[in-house]
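Tertiary structure, described
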Amino acid sequence: MKLQNKTVLVTGSSRGIGRAIAELMAAEGATVMVHSRQSGSDAEAVVRGIQAKEGRAFAVNADLTEVESLEPLFASIRAGLAQLGLPPRLDVVFNNAGINIPAPFLETTPSQFDALFHLNVRGLFFVTQHAVKLMPAGGKVVNLSSAVVHAAFENIAAYSATKGAVDVLTRHLAAHLGPRGITVNSLSPGATDTDMNASWLRENEQGAEAVKSMQALQRVGTPSDIARVALFLATSDSDWVTGQVLEASGGWKL
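If you're wondering where the values come from, they're calculated on a predicted model, not measured in any experiment. (Residues numbered from 1 in each chain as written. Predicted model: local features only at pLDDT ≥ 70, side-chain atom pairs only at ≥ 80, totals over all residues. Heavy atoms only, no water.)

Right, let's talk about the overall build of the protein for a bit. The secondary structure content of the protein amounts to eight helices and seven strands. Relative to the 2.2 N^0.38 estimate, which gives 18 Å for 254 residues, the radius of gyration of the protein is 17 Å and therefore close to what a compact globule would have. With the principal axes as the frame, the protein shows a C-alpha extent of 50 × 40 × 35 Å. Taken across its 254 residues, the protein has 48% of its residues classed as buried. Across the protein, every contact between residues at least 6 apart in sequence was considered, and the portion connecting residues at least 24 apart equals 71%. Carbon and sulfur atoms provide 54% of the accessible area of the protein, an area that totals close to 12,200 Å². If the 21 positive side-chain charges of the protein are averaged to one point and the 23 negative ones to another, these points end up 6 Å apart. (Helix = DSSP H or I, 4+ residues; strand = E, 2+ residues; numbered from the N terminus. Rg over C-alpha atoms; globule rule 2.2 N^0.38 Å. Buried < 20%, exposed > 50% of the residue type's maximum accessible area, 1.4 Å probe, protein only. Contact = heavy atoms within 4.5 Å. Areas by Shrake-Rupley, 256 points an atom, 1.4 Å probe, with all protein chains shown as cover. Lys, Arg positive; Asp, Glu negative; His and termini not counted. Charge placed at Lys NZ, Arg CZ, Asp CG, Glu CD.)

Moving on: the packing of helix α4 (residues 110-131) against helix α5 (residues 157-177). Where α4 contacts α5, the two axes come as close as 9 Å, and the packing angle between them is 15°. Classified by the angle between their axes, α4 and α5 sit roughly parallel to one another. The chirality of how α4 crosses α5 is right-handed. Packed against α4, whose contacting residues are F113, L116, F117, N120, V121, L124, F125 and T128, the element α5 presents A158, Y159, A161, T162, K163, A165, V166, L169 and L173 at the interface. Classifying every residue of the contact of α4 with α5 by side-chain character gives 13 nonpolar, three polar and one charged. (Axes fitted to C-alpha atoms, helices over the stretch in contact; angles between N-to-C directions. Parallel < 35°, antiparallel > 145°, perpendicular 65-115°, else oblique. Left-handed = near helix turned anticlockwise from the far one by under 90°. Nonpolar A, V, L, I, M, F, W, Y, C, P; charged D, E, K, R; others polar.)

Moving on, we get to the sheet that holds strand β7 (residues 245-248). What the seven strands build is an open sheet, ordered β3-β2-β1-β4-β5-β6-β7; its pairing is parallel. A strand with exactly one partner marks an edge of an open sheet, and here the two such strands are β3 (56-61) and β7. Going from strand to strand, the sheet's axes swing by 20° on average, the running direction of each strand aside. Examined bridge by bridge, strand β6 (residues 183-189) and β7 share four bridges and lie parallel to one another. By the bridge assignment for β7, L187 is matched with L246. In the packing of helix α8 (residues 223-234) onto the sheet, contacts are made with β4 (92-95), β5 (140-144), β6 and β7, and the angle to β6 comes to roughly 170°. (Pairing = 2+ DSSP bridges.)

Let us now look at the pairing of strand β1 (residues 7-10). Burial along β1 is two-sided: the residues T7 and L9 and V8 and V10 are all buried. Looking at chain direction, β1 and strand β2 (residues 31-36) are connected through four bridges and run parallel. Its bridge partner lying in β2, T7 is registered against T31. Following the backbone out of β1, through helix α1 (residues 16-27) and into the adjacent parallel β2, one traces a crossover that is right-handed. Bridge count between β1 and β4: three bridges; the pairing is parallel. (Right-handed = clockwise from strand over helix to strand, strands pointing away.)

Applying the stated criterion across every chain, the model contains three cavities of 30 Å³ or more. Of the pockets and cavities examined, the largest cavity occupies roughly 70 Å³. Lining of the largest cavity is provided by T11, L64, N95, N96, A97, L119, N120, G123, L124, V127, L144 and K163. A per-element tally of the lining of the largest cavity places α4 first, with five residues. The residue makeup of the lining of the largest cavity, split by class, is six nonpolar, five polar and one charged. (1 Å grid on protein atoms, 1.4 Å probe; cavity = no way out; pocket = protein on both sides within 12 Å on 5 of 7 lines; lining within 4 Å. Points joined across faces, edges and corners; volume = space filled by probe spheres on them.)

So, about α1. Under the 1.5 Å per step criterion, the end-to-end length of α1 is 17 Å for twelve residues, consistent within 8% with the ideal 16 Å. Every buried residue of α1 is accounted for by I17, G18, A20, I21, A22, M25 and A26. Positive phi appears at G29, one or two residues downstream of α1, with a value of about 105°. (Expected span 1.5 Å × (residues − 1).)

Written out as structure tokens, the structure reads:
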């Protein structure tokens, strides 16, 4: 129980890596806020699964591309914690919510570009701004980045740019929040078997084999692989780590 009595917000946690993080944090004793864009069955299913294993969780929803939605989001977080008899405190925030809109560089539209930056960067920035107001010394902010920032791949120039921006923000936020005893780090997964990557990992045998050939460990990552690294960044084990990008890629492109 490495997170006993801790409170954890995981954005975009109704599926994929976010879901795996939420479930592992709850298994380690945390009270987890399972976030989705809209209220619905996916986030509630995650909460029910956590509760079935005697964990504590509740669902919250907000469109993180709309800054106006953040006040109601954090009001619902405070209300949910109060219902559980807990103070309005956030110990860990995982900025996991994000999208990818694959498109060749020359065909990427302004609306696609804006959609990527509005959620992956702008949403992360302002969620963190709100969250740290509830965060005590010893708090943790973890931003989901991506190993694609280290290489040029087809059709993801704008997406890769958002993750590069996340890594830059991580360093700046670590410097700004360090005097308060709050650490900020990026978690950078390699190719991971999620719904976002289904078209080139699950449904494309050639693509999956190509990915495996780039990995020292010769397999595709799973959400639970990433969640276990996230756990390190959420606990006191990582108290002396801040402003860093921790890659969890199975030895990608060594």
